[in-house]
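Coordinate inspection notes
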Amino acid sequence: MDKHSTFTLAIQQNERSIYKIAAVYTNTIDDRNDLVQEIIYQLWKSYDSFKSDSSISTWIYRVALNVAIYQLKTSKKRIHTVPIHELDFDSAATEFNESEERWRLFRQEVDKLNLLDKGIILLYLEDKNHDEIGKIIGISTSNVGTKMSRIREKLKSQITKK
């Protein structure tokens, strides 16, 4: 299989993840589509540098998150993020197996997190383990554990106050 076909297949297999990341870090459909295009462009530009040290999906997640965060930091206009409850997390909702009200409160509190923490939670809800999250975000596995503990405590504290 040639480079173009291999790349296209990798994008197709990870398209849902790319769109979810773009949706979390944008507010409008146009902004989301622009970000998806930029992510795919950056993936193509850096495809030759992919060394197979990690899985292709881990590499795609990492590039996509970096592009999304970079776009937010460098954009002259302020991009508002999409509330997490507007995304398709049906499987995550089932995993939490909580009442609908608790899930709604959880989503509201996640919306208040900073961009990095929101990205970590997104990866966690995608069933990524701490090692995968660390590789994608670019931090150590133990740092992921620490951040997850702090995020959980923050969310728990905020939810129990309500």
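What you see is a predicted model; the values in this text were computed from it and never measured.

1. What about the confidence of the model for the protein?
When the pLDDT values of the protein are averaged, the result is 81; 82% of them are 70 or greater. When pLDDT is averaged over each helix and strand of the protein, the minimum, 45, is found for helix H4 (residues 90-96) and the maximum, 94, for helix H2 (residues 29-46). With pLDDT under 50 throughout, residues 91-98 is counted as low confidence; its partners more than four residues away or in other chains account for nine contacts.

2. Some thoughts on helix H6 (residues 115-125)
A large share of H6 lies buried, amounting to eight of its 11 residues. Regarding H6, the residues found buried are Asp117, Lys118, Gly119, Ile120, Ile121, Leu122, Leu123 and Leu125. At the N-terminal boundary of H6, the capping side chain belongs to asparagine 114, with an oxygen 3.1 Å from the backbone nitrogen of leucine 116. Of the residues one or two after H6, aspartate 127 is the one with positive phi, at around 65°.

3. Some points on helix H7 (residues 130-137)
Turning to H7, its buried residues are Ile133, Gly134, Ile136 and Ile137. Taken end-on, H7 shows its buried residues confined to a sector of 165°, consistent with a single buried face. Buried residues along H7 sit against helix H3 (56-74), H6 and helix H8 (141-161). Between the side-chain oxygen at the start of H7 and the backbone nitrogen of aspartate 131 there is a gap of 3.0 Å, and the oxygen is on asparagine 129. Glycine 138 sits one or two residues past H7 and shows a positive phi near 90°.

4. With respect to the packing of H7 against H8
One way to put it is that H7 packs onto H8 with a least axis distance of 8 Å and a crossing angle of 100°. By the angle class used here, H7 and H8 are roughly perpendicular. Touching His130, Asp131, Ile133 and Gly134 of H7 are Thr141, Val144, Gly145, Met148 and Arg152, all from H8.

5. With respect to the nonpolar core
Counting residues in hydrophobic clusters, the biggest one holds 41 residues, and the most contacted among them are Ile21, Tyr25, Leu43 and Ile121. Going through the elements one at a time, helix H1 (3-24), H2, H3, helix H5 (100-111), H6, H7 and H8 are the ones with two or more residues in this core. For this core, the element with the highest residue contribution is H3, accounting for 10 residues. If we skip the residues at most four places from it in the chain, leucine 43 touches Phe7, Ile11, Ile18, Trp59, Ile60 and Val63.

6. Considering the pattern of salt bridges
By the definition in use, this model includes four salt bridges. For glutamate 109, the salt bridge goes to lysine 112, with nearest N and O atoms at 3.2 Å.

Analysis parameters
Residues numbered from 1 in each chain as written. Predicted model: local features only at pLDDT ≥ 70, side-chain atom pairs only at ≥ 80, totals over all residues. Heavy atoms only, no water. pLDDT = per-residue confidence, 0-100. Helix = DSSP H or I, 4+ residues; strand = E, 2+ residues; numbered from the N terminus. Contact = heavy atoms within 4.5 Å. Buried < 20%, exposed > 50% of the residue type's maximum accessible area, 1.4 Å probe, protein only. Polar contact = N/O pair within 3.5 Å; in protein donor to acceptor, adjacent residues only side chain to side chain. Arc of directions from axis to C-beta. Axes fitted to C-alpha atoms, helices over the stretch in contact; angles between N-to-C directions. Parallel < 35°, antiparallel > 145°, perpendicular 65-115°, else oblique. Core = buried A, V, L, I, M, F, W, Y, C linked by side-chain atoms within 4.5 Å. Salt bridge = Lys/Arg side-chain N within 4 Å of Asp/Glu carboxyl O.

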